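A closer look at the structure
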Amino acid sequence: AAAWLSFDEAVNDEPFELERGMFRYGVCGFDASDTTDLSAATMLMMRPGDEHIYEVTQCWLPEEALRNDGLRTNRDDVPYFLWEKRGFIRLVPGNKVPKQVFIDWMEEMREVYDVYTYAAGYDPWHIVGTDETLLQQYVGKGRCDVIRQGVKTLSDPMKQIRADFAANRIVDGNNPLQAWNRMNVSVKSDINANIQPVKLAGKAKNRIDAFMSELFAYITLLRHKDGYVEII
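The structure reproduced in this document is the subject of the present report. Starting afresh in each chain, residues are numbered from 1 along the sequence in its written order. With the structure being a predicted model, the display of local features is reserved for residues of pLDDT at least 70 and the display and counting of side-chain atom pairs for 80 or more, all residues being used for whole-chain, interface and lining totals. Only hydrogens and water are removed before side-chain values are computed, so all heavy atoms of the structure are retained for them.

Let's talk about the overall build of the chain
- Helix and strand definitions here come from DSSP, where helices need a minimum of 4 consecutive H or I residues and strands a minimum of 2 consecutive E residues; each element is numbered from the N-terminal end. Of regular secondary structure, the chain possesses nine helices and nine strands.
- Scaling as 2.2 N^0.38, a compact globule of 232 residues should have a C-alpha radius of gyration of about 17 Å, and the chain matches this with 17 Å.
- Burial analysis of the chain (232 residues in total) assigns 51% to the buried set.
- What makes two residues a contact is simply this: any of their non-hydrogen atoms within 4.5 Å. Within the chain, contacts between residues at least 6 apart in sequence are counted, and of these 73% link residues at least 24 apart.
- We get accessible surface area from the Shrake-Rupley algorithm with a probe of 1.4 Å; when it comes to residues, only the shown protein chains can shield them. When the accessible surface of the chain is totalled, it reaches about 10800 Å², and 47% of it is carbon and sulfur.
- Considering the chain, the positive charge centre built from 27 side chains and the negative charge centre built from 35 side chains are found 3 Å apart. We compute the radius of gyration from the C-alpha atoms alone; for a globule the expected value is 2.2 Å times N to the 0.38, where N is the number of residues. For the exposure calls, accessible area comes from a 1.4 Å probe over protein chains only, and a residue counts as buried if that area is under 20% of its type's maximum, exposed if over 50%, partly exposed in between. Positive charges come from Lys and Arg alone, negative charges from Asp and Glu alone, with His and the N- and C-terminal ends not counted. By convention, charge coordinates are those of NZ in Lys, CZ in Arg, CG in Asp, or CD in Glu.

Below you can see the structure in the form of structure tokens.
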């Protein structure tokens, strides 16, 4: 399998650092895991008169996973230790990441940056039952979107987001963890040229979870674009 994005598509070095008052509302995407993969949340934000989409992505890993594999020896051949120091990834005590981190993060975005979550999208594989109910209560059931894996849901948005990457429309403050995830994406195509993401070369260490949360946020933004643009 070949990489889906070029380096220039995956990396946008335009400066961006979120500050309080820059945005009022955002659209979130969540990709949850339990023990091995990253848990990831992405918020996309826009403002009137600006064609860019501004992005903040936060990831989590259980402390025990890094302790067992060796944080300083660069698990997955990437510098998690440095990324944790820079705030791109957070360590959670124990051997799993609870889904509550997503709600806590939305609360943090509201309290620290005054950005409210307008809508949220998620893969229902890991967010079910009480976790799903709490998310719906926080965001609003009508603006919580289940986004299922498969070409029917993902193909067209993937082609659209790639065009936005190529145009440097998505500004993430040059997040190295997110860029690494994007460059780990390959695609599986059907006979009609519909695509869905898979890990590059099928290797487990080629994490794509941060890209998936970004894609889920992007799909949710497309679905709620009219309402979101009106409220901002």
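Some words on the environment of G121
- Within the fold, G121 resides in strand β5 (residues 116-122).
- Each C-alpha atom of the pair G121 and V171 lies 20 Å from the other, and the pair is 50 residues apart in sequence.
- Filtering out sequence-adjacent residues up to four positions away, G121 remains in contact with C28, G29, F30, D145, I147, F216 and T220.

Concerning the pattern of salt bridges
- What makes a salt bridge here is a side-chain nitrogen of Lys or Arg within 4 Å of a carboxyl oxygen of Asp or Glu, nothing more. Under the counting rule described, the total for this entry stands at 15 salt bridges.
- In this structure, D172 engages R182 in a salt bridge whose closest nitrogen and oxygen atoms are separated by 3.0 Å. One end of the pair, D172, is in the loop between β7 (170-171) and α7 (176-183); the other, R182, is in helix α7, and ten residues separate them in sequence.
- Owing to a relative accessible area of 1%, R182 belongs among the buried residues under this scheme.
- Note that R182 is salt-bridged to E214, the shortest N-O span being 2.6 Å. Placement of the pair is R182 in helix α7 and E214 in helix α8 (residues 209-223), with a sequence separation of 32 residues.

Side note on the pairing of β5
- Buried residues dominate β5, accounting for six of its seven residues.
- With six bridges connecting them, strand β1 (residues 25-31) and β5 associate as parallel partners. When the sheet's bridge partners are listed, V27 is paired in β5 with A119.
- A pair of strands counts as paired when DSSP detects no fewer than two bridges linking them. With three bridges connecting them, β5 and strand β6 (residues 144-146) associate as parallel partners. Paired with Y122 across the two strands is V146, which belongs to β6.

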